[in-house]
Amino acid sequence: MRRLRQVTKIVREQGARQLGIRVLNAATRRLGAEGEDLPVRLEDVRKADVESRKPVVIPPIPQDGKLTINWVTAPPSKGSGGHTTMFRLIRHLESLGHECRLYLYETFGNTVADLEPVVRDAFPFFKGSIHDVTEGMADAHAVFATAWITAYPAFNDPCAGKRFYLVQDYEPWFYPSGGLYALAENTYRMGMHGFTAGRFLADKVRDEHGMPADHFDFGCDADRYQLGSEKRDGIVFYARRKAPRRAFELGMLALEVFAEQHPDVTIHVYGEKIGLPGPQFVDHGLVTPDELNSIYNRCFAGLSLSMTNVSLVPHEMLAAGCIPVVNDAHFNRVVLDNDHVRYATPTPHSLARALSDVVTSPNFDAIARAAASSVEGRSWEAAGHELEKVLRRELST
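None of the values given here were measured: they were computed from a predicted structure.

Caption draft 1: How the structure looks around the overall build of the chain. Counting its regular elements, the chain contains 14 helices and 13 strands. For 397 residues, the compact-globule estimate of 2.2 N^0.38 gives 21 Å, and the C-alpha radius of gyration of the chain, at 22 Å, lies within 12% of that figure. For the chain, the spread of C-alpha atoms along the three principal axes comes to 60 × 55 × 40 Å. Out of the 397 residues in the chain, the part that is buried amounts to 55%.

Take a look at the structure:
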């Protein structure tokens, strides 16, 4: 039944020709040839004249000051860091009485009826309504794009509301130089107001694309990640084979070098199942936050690689007294801004050396306590406060 709804929705929205293209692409992938589905609807890209500027229409704000905010997003799922951050912001706004609506954008033909149970299960605290953005949005005070593919429907939709853009990564870097790179980059030229994860992204979109932007600092979920009393005997790697920006291959090579030098140290891997590469490795796959906190507390160091913006992982590790080893990059240093993080040149041997230096550090208990203390007070509530301040300012001018 769900497959039938997908096919019907694709034909209705994109035509029988697009369904044929999808079938052909699926067949070529099964045969080992190239033929990937585009993450954005071509009709949305064609419709968007990104250099045009429409009049900004903001409905009157009621006397009680409560705002209505539309969030355009790819279908959220459990374990998605970007969606988790978005819902943390939404949760704060809802706690203040603002109404948040979710408008789902995806290209695989799933209906809201199919997707809503997944969203409610992953983020049960969310109070708002859930809709299909292709059916049009109701007027709001603010409309948020949350990824480059969602910027196109947010830009095109005729509903009232000032356009904002939650930027959590520099998404053109997800692709080689080419068409998708350009399509992602063009979204920073749509005249939206950016709200970025960390100062690096705000500086980048302002300096390179002239996009006005504010930023929020990364928080840390201190209720989930905290220093425990477990005996430490390992290291941990955040592995995301399906996300090229997480440099999975580089991380695995670094772990192989480290394992040769430290055969008695357990190597924990989580994020997705990778298959056990050796007897030292524990392949956890996708874990809950509570399970992850326990893993961090059993580890001296954690390897967290990102070739674009920094991930949420290093702050979580620090809270549990696990020392993050990250690739040395300007964006990592700017956003993390923490003396307990170890930076290493992104080569297998340099990363392995940094892990080894942590594991062999004397008096590690004191190091762990200092690392955990360094992120105390970094709550996500501060990010929510910053967002509401930005909304109040921008909607009143």
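Caption draft 2: Quick look at the environment of Glu386. Relative to the elements of secondary structure, Glu386 occurs in helix H14 (residues 381-395). Residue classification places Glu386 among the partly exposed residues on the basis of a relative accessible area of 21%. As for Glu386 and Leu89, which are separated by 297 residues in sequence, their C-alpha atoms are 9.6 Å apart. Residues within four places of Glu386 in sequence aside, it is in contact with Phe195 and His215.

Caption draft 3: Just the sheet that holds strand E5 (residues 162-167), in detail. Read across the open sheet, the 7 strands follow the order E3-E2-E1-E4-E5-E6-E7; overall the sheet is parallel. Taken across any chain shown, the strands that pair with only one partner, and hence form the sheet edges, are strand E3 (130-132) and strand E7 (213-216). Across the sheet, the mean angle from the axis of one strand to that of its neighbour is 25°, orientation sign disregarded. Bridge analysis of strand E4 (residues 142-145) against E5 gives 4 bridges, and the strand direction is parallel. Within E5, the residue paired with Ala142 across the bridge is Lys162.

Caption draft 4: Local environment of the nonpolar core. Core analysis: the biggest nonpolar cluster contains 125 residues, and Trp71, Leu102, Leu255, Tyr296 and Leu391 have the highest contact counts within it. It is helix H8 (residues 248-261) that contributes the most residues to this core, 8 residues altogether. Those residues in contact with Tyr296 that sit more than four places away from it in its chain are Tyr225, Arg232, Val236, Tyr270, Val313, Glu316, Met317, Ala320 and Cys322.

Caption draft 5: Here's a closer look at the environment of Cys322. With respect to the element layout, Cys322 can be found in the loop between helix H10 (313-319) and strand E12 (323-327). Residue classification places Cys322 among the buried positions, given a relative accessible area of 0%. C-alpha separation for the pair Cys322 and Val341, spaced 19 residues apart in sequence, amounts to 9.7 Å. Not counting residues up to four positions away in its chain, the partners in contact with Cys322 are Arg232, Val236, Tyr296, Cys299, Phe300, Ala301, Gly302 and Met317.

Analysis parameters
Residues numbered from 1 in each chain as written. Predicted model: local features only at pLDDT ≥ 70, side-chain atom pairs only at ≥ 80, totals over all residues. Heavy atoms only, no water. Helix = DSSP H or I, 4+ residues; strand = E, 2+ residues; numbered from the N terminus. Rg over C-alpha atoms; globule rule 2.2 N^0.38 Å. Buried < 20%, exposed > 50% of the residue type's maximum accessible area, 1.4 Å probe, protein only. Contact = heavy atoms within 4.5 Å. Pairing = 2+ DSSP bridges. Axes fitted to C-alpha atoms, helices over the stretch in contact; angles between N-to-C directions. Core = buried A, V, L, I, M, F, W, Y, C linked by side-chain atoms within 4.5 Å.

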